[in-house]
Each structure stands twice: as structure tokens, then as C-alpha cells.
Amino acid sequence: MEAAEAEARLLLQEARESIEAARSYRRELQQRLRGLHQAREQIKESATLTRDVLEQHFSDLKGTLKKLLDERLMSLLQEVDVIEQESIKPLDECQKLIEHGVSTADDLLREGESAVDGDVGQQNEKLCNFTKKALHIQLDSLPEVPSLVDVPCLSAQLDDCLLTILKNQIFRHGTVASRPPVQLEEFVEKPGGILVRWCKVDDDFIPQDYRLQCRKSTASHFEDVYVGSETEFMVLHMDPNVDYQFRVCARGDGRQEWSPWSVPQIGCTTLVPHEWTAGLEGYSLSSRRNIALRNDSQSCGVLYSKAPTYFCGQTLTFRQVLSGIETVGQPDRRDSLGVCVEQQNGFDSLQRDQAVCISTNGAVFVNGKEMTNQLPAVTSGSTVTFDMEVVQLGPCSNEGGNFKLRVTISSNNREVVFDWVLDQCCGSLYFGCSFSYPGWKVLVF
């Protein structure tokens, strides 16, 4: 009896497992159906958009070509008019002179015939006057009439090779690509931002520049966030838990036009942005409180983050940015950039216990002790990064020596790696900075 019940329970369990497997299989198939639907919609939407772009472009091109041809035709017709007018003008003047001569000759003929046929008593006087008049008119002087070979004979020279050139250019004008030459590859969450990476997917395409655009989910237009030759960019000033849409294109080597846009993708960061603590005398903050400027106040102390927003496994970046005309402030051995377990007031530097930091001269301090390894000095434009991972020595407790972090500090393409032993577990850390002299301006992200 017990064996039958056990067998029944086993069959029931196997049936339930099969049902769950069938449900999971159905969910996977439905998800793939949605993927196919999205792929089909993308093909149809991109094909419709491409048709609209092609039709609009060639419509504009035809309008522009017609306008250019009309302008050229008008210019040539005006040139014909000018040549015709300039060439006929002297002929008109010559015609007037000849017509005047014909009229004069007609008058002279009538006068001569009257003198010859007149009364004998008046004939001598009329003949004398007629003769004098004929001599005065110079009947042997005739105006010069140009021969046909000496006057313009207008014609139009139209080179038929233009049609061949246009035909060849038109047939090569425009291409249809099945996919863009570059695509978005990866989104890496950062505090208050996203590190966007992209890659070239067309082996025959040689990129010169890339162009990354972004828009908030509530916005209607994309905006440029990066143009350059790099294949990744850190997009800052992003609201946490808000979707942003990204797209990228490229410009080929030696070309002016940009390639088609990549398939837009959604990126989002769940990490709150790093912020400096406001209100500390000696430091001025930007509107987003991610940039701290050491002002000319005599007050000296450590500026901490607003909250312990740095977590192990992330990369914390400090970047020295220009402050107006100045480059950086005067260095001091107490100057520091780093992270710590907790805020401790009353110190003028992070070179203390429960903190790791780098000074502006490149020295590295762990719990207030200077290491033998040294990094390059922090100067204008320098970037310093902190990376940490947990190395557990034993059960996490508040008793000393059971928690260790492996720390990597990088600066100007050099790095140091060391283990930082703590007395307690730390899920998150504060960051901070201290500068003795004005002019230092630090961006944190």
C-alpha cells in the first residue's frame, strides 16, 4: 500500500514538473514570437521610412535639377539675346544710312529730271544748281555693307556627354543598406550616467568619426551627446530609473555624409548620481553637485560625498577639470582624492585611518601610511579611478581583520593594486577630497 502511494506521489511530482516545463516552454515560445513580431515590425517600419526618404530625396533632387536646368536655359537665352542685339545694332545703323541715301538719291533724281525737262529760259540755272548739289552729295561714296561671313551666325553647342555623365552619376547615386555599419553594443550602468559602447559591424566600412545621440523617453527629438573617433562614451547627468533611447552612426573616411542610424536601443541606470556634500566652507559646487571647486576661502578640511554611494564592483572616477583660465591650484602634500569608510570631521586630509587615497603628487596612502609605489602627479585634465572588489578573509563580523578589499588605483595609464584590510564589513563607501589651495576643480562620476 505504501509503495503504491509512493509511486503515485512520484508520478504526481513528475506530472507537475512536466506541466511546469511545458509552461516554461510555452513562455519561451511566446517570447520568441514577440521577438519575431518586433523583428518584422522593425523591417516594415525601416522599409517604410527608407521609401519615404528616397521618394522625398529624389523629389527634391528633381526639383533642384529642373531649377538648375531652367536657370541655365535662361542664361543661354539671355546670351543669345545679347549677341543678337549687339550684332544687329550696327546693321540697323547701316540700314538707316542706306535708306537715307536712297531717299536723297530719289530727291536728286526728281530734281535732275525736272531740270532737264524744264523751260529753256530756266534750264541753265536749274542744271547748274542740280550739278552743284550732285557734286556736294558725293554720289561715288557708298556705305560699307558686311558680307555674310563677317556677321555672327548664332548656334548652340550642346555636348551630349552631359547626359552620359548624369546617367552614370544618377545610377550610382544612393544606396540601400540592409543594416547600418555600426551598432550599439553595451550599456554599463554608472552613478547618474551610462557608459555606452558601440562597434563596427561592416568589415568594408572604414569609420572616421562616430556620432552618438540620446533622448529621454518623454522627449520627441534626439540630441547629440558625442562626436569623435572613440567607440565608447560616458553619458552623464541622467536621471536614475528613467529610460533613455540611444542611437549611433558613423562617417566614412574622407566622406562628409553620415551613415544610417543604428537600431535605437533603451538604456537605463538604477544608480543614483555621486554628489558632494553642500555647505562646506572652502568649496563651491556645481548645480548638480558633482563638481567641486576649491575656492579662495582660508577654511581647510575634507569635502565628503553626500552619502556612501560608492559600491564595490563599480569604478569611481575623479577628473581634474579646468577652472577658468587657471589650470590647477598649487599642490600641497596634504591634498588627497580617495574613499573612506565614514565621514570624520576635524581632519584636513584623507591621509588617515579607514581611508585610501592618492595625493596630488602621486603618493598613495592606505590607512594614513604612504606606500612605496607611486603614481604620476595629478595635473590639469588628469583622471584618477578607484576599483574595488571584496576578498573575504572569514565570516563577516564586527571583530577586526575579517574583511578585506582589493583596491586598484589608476592614474595616467599607470596603476597600483593592494589589499585594504578593514575592521568591519562595508557595503558602501564615502568618497572625498581635500585641497589646501584654491583653483582645484574636480568632477566625480
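Residues numbered from 1 in each chain as written. Predicted model: local features only at pLDDT ≥ 70, side-chain atom pairs only at ≥ 80, totals over all residues. Heavy atoms only, no water.

### Comments concerning the overall build of the protein chain
Counted only if it meets this: Runs of E in the DSSP output that reach at least two residues are strands. Runs of H or I that reach at least four are helices, and both are numbered from the N terminus. We compute the radius of gyration over the C-alpha atoms and compare it with the globule rule, which gives 2.2 Å times the number of residues raised to the power 0.38. Throughout, exposure labels follow a simple rule: accessible area from a 1.4 Å probe, protein chains only, divided by the maximum for the residue type, with under 20% read as buried, over 50% as exposed, and the rest as partly exposed. Only heavy atoms matter for contacts: two residues are in contact if any of them lie within 4.5 Å across the pair. Note that accessible areas follow from Shrake-Rupley with a 1.4 Å probe, and for residues the cover is restricted to the protein chains shown.
In terms of regular secondary structure, the protein chain is built from 3 helices and 20 strands. Against the 2.2 N^0.38 benchmark of 22 Å for 445 residues, the protein chain shows a C-alpha radius of gyration of 46 Å, more extended than a compact globule. Projected onto the principal axes, the alpha-carbon positions of the protein chain cover approximately 165 × 85 × 35 Å. The buried share among the 445 residues of the protein chain stands at 29%. Of all intrachain contacts in the protein chain linking residues separated by at least 6 positions in sequence, the fraction that spans at least 24 positions is 61%. Roughly 29,000 Å² of accessible area belongs to the protein chain as shown, and the carbon and sulfur atoms make up 52% of that amount.

### Some remarks on the pattern of salt bridges
Note the cut-off: By definition, a salt bridge exists where a carboxyl oxygen of Asp or Glu is found within 4 Å of a side-chain nitrogen of Lys or Arg.
Summed over all chains, the structure comprises 16 salt bridges. A salt bridge links Asp70 to Lys66; the nearest nitrogen and oxygen atoms lie 2.9 Å apart. Taken together, the residues span about one helical turn, with Asp70 and Lys66 both in helix 1 (residues 2–116) at a distance of 4 residues. For Asp70, a relative accessible area of 38% corresponds to the partly exposed category. A salt bridge links Arg251 to Asp209, with the nearest nitrogen and oxygen atoms 3.3 Å apart. Note that Arg251 is positioned in strand 6 (residues 244–252) and Asp209 in strand 3 (residues 207–216), a separation of 42 residues in sequence. Across the pair, exposure class does not vary: Arg251 and Asp209 are buried alike. Through salt bridges with shared partners, a single ionic network connects Glu20, Arg23 and Arg27.

### A closer look at the sheet that holds strand 5 (residues 232–235)
To be explicit about the condition: For two strands to pair, DSSP has to find at least two bridges joining them. Between N-to-C directions, angles cover 0 to 180 degrees, with each direction set by a line fitted to C-alpha atoms, over the stretch in contact for helices.
Here we have 3 strands laid out as an open sheet, ordered 1-2-5, and antiparallel in their pairing. A strand with exactly one partner marks an edge of an open sheet, and here the two such strands are strand 1 (182–190) and strand 5. Adjacent strand axes in the sheet meet at a mean angle of 20 degrees, parallel and antiparallel pairs treated alike. The pairing of strand 1 with strand 2 (residues 193–200) spans 8 bridges and is classified as antiparallel. Opposite Lys190, over in strand 2, you have Gly193 as the bridge partner.

### Examining the state of the cysteines
The cut-off we apply is this: Cysteine sulfur atoms that pair up within 2.5 Å are treated as a disulfide.
Across all of its chains, the model carries 0 disulfides by this definition. Between Cys94, a free cysteine, and Cys153, which holds the nearest cysteine sulfur, the sulfur-to-sulfur gap is 19 Å. No disulfide involves Cys199; its nearest neighbouring cysteine sulfur is the one of Cys249, lying 15 Å away.

### So, unusual backbone geometry
Within the chain, His237 stands out as a residue other than glycine whose phi angle is a positive 60 degrees. Here His237 lies in the loop between strand 5 and strand 6. You will see that Asn241, though not glycine, has its phi angle at about 60 degrees, which is positive. For Asn241, a relative accessible area of 55% gives the class exposed.

### Looking at the UniProt feature "domain: Fibronectin type-III" (unreviewed entry) in the protein chain
Note the following rule: UniProt positions are given in the numbering used here, feature names are shortened, and annotations may be inferred rather than shown by experiment.
The positions that UniProt labels "domain: Fibronectin type-III" (unreviewed entry) are, in the present scheme, residues 180–273. With 0% helix and 52% strand, residues 180–273 has its two end C-alpha atoms placed 33 Å apart.

### Details of the packing of aromatic side chains
The geometry of an aromatic ring pair is captured by the separation of the ring centres together with the interplanar angle, meaning the angle of the planes. Under the convention used in this document: The rule is short: rings of Phe, Tyr and Trp, with Trp giving its six-membered ring, pair when the centres are within 6.5 Å, and they are stacked under 30 degrees, edge-to-face over 60, tilted in between. Here, over-ring charges are defined by two tests on the NZ atom of lysine or the CZ atom of arginine: distance to the ring centre within 6 Å, and angle to the ring normal within 35 degrees.
Counting across every chain of the model gives 9 aromatic pairs. Look at Phe318 and Phe386: their rings are 5.9 Å apart centre to centre, the planes differ by 85 degrees, and that puts the pair in the edge-to-face class. Placement of the pair is Phe318 in strand 11 (residues 315–320) and Phe386 in strand 16 (residues 383–392), with a sequence separation of 68 residues. Among the residues examined, Phe318 registers a relative accessible area of 1% and is labelled buried. Three or more aromatic residues link up through ring pairs in this structure, and these residues are Trp198, Tyr210, Tyr226 and Phe233. Here the basic side chain of Arg247 rests over the ring of Phe222, its NZ or CZ set 4.1 Å away from the ring centre. We note Arg352 situated over the ring of Phe347; from NZ or CZ to the ring centre the distance is 5.5 Å.

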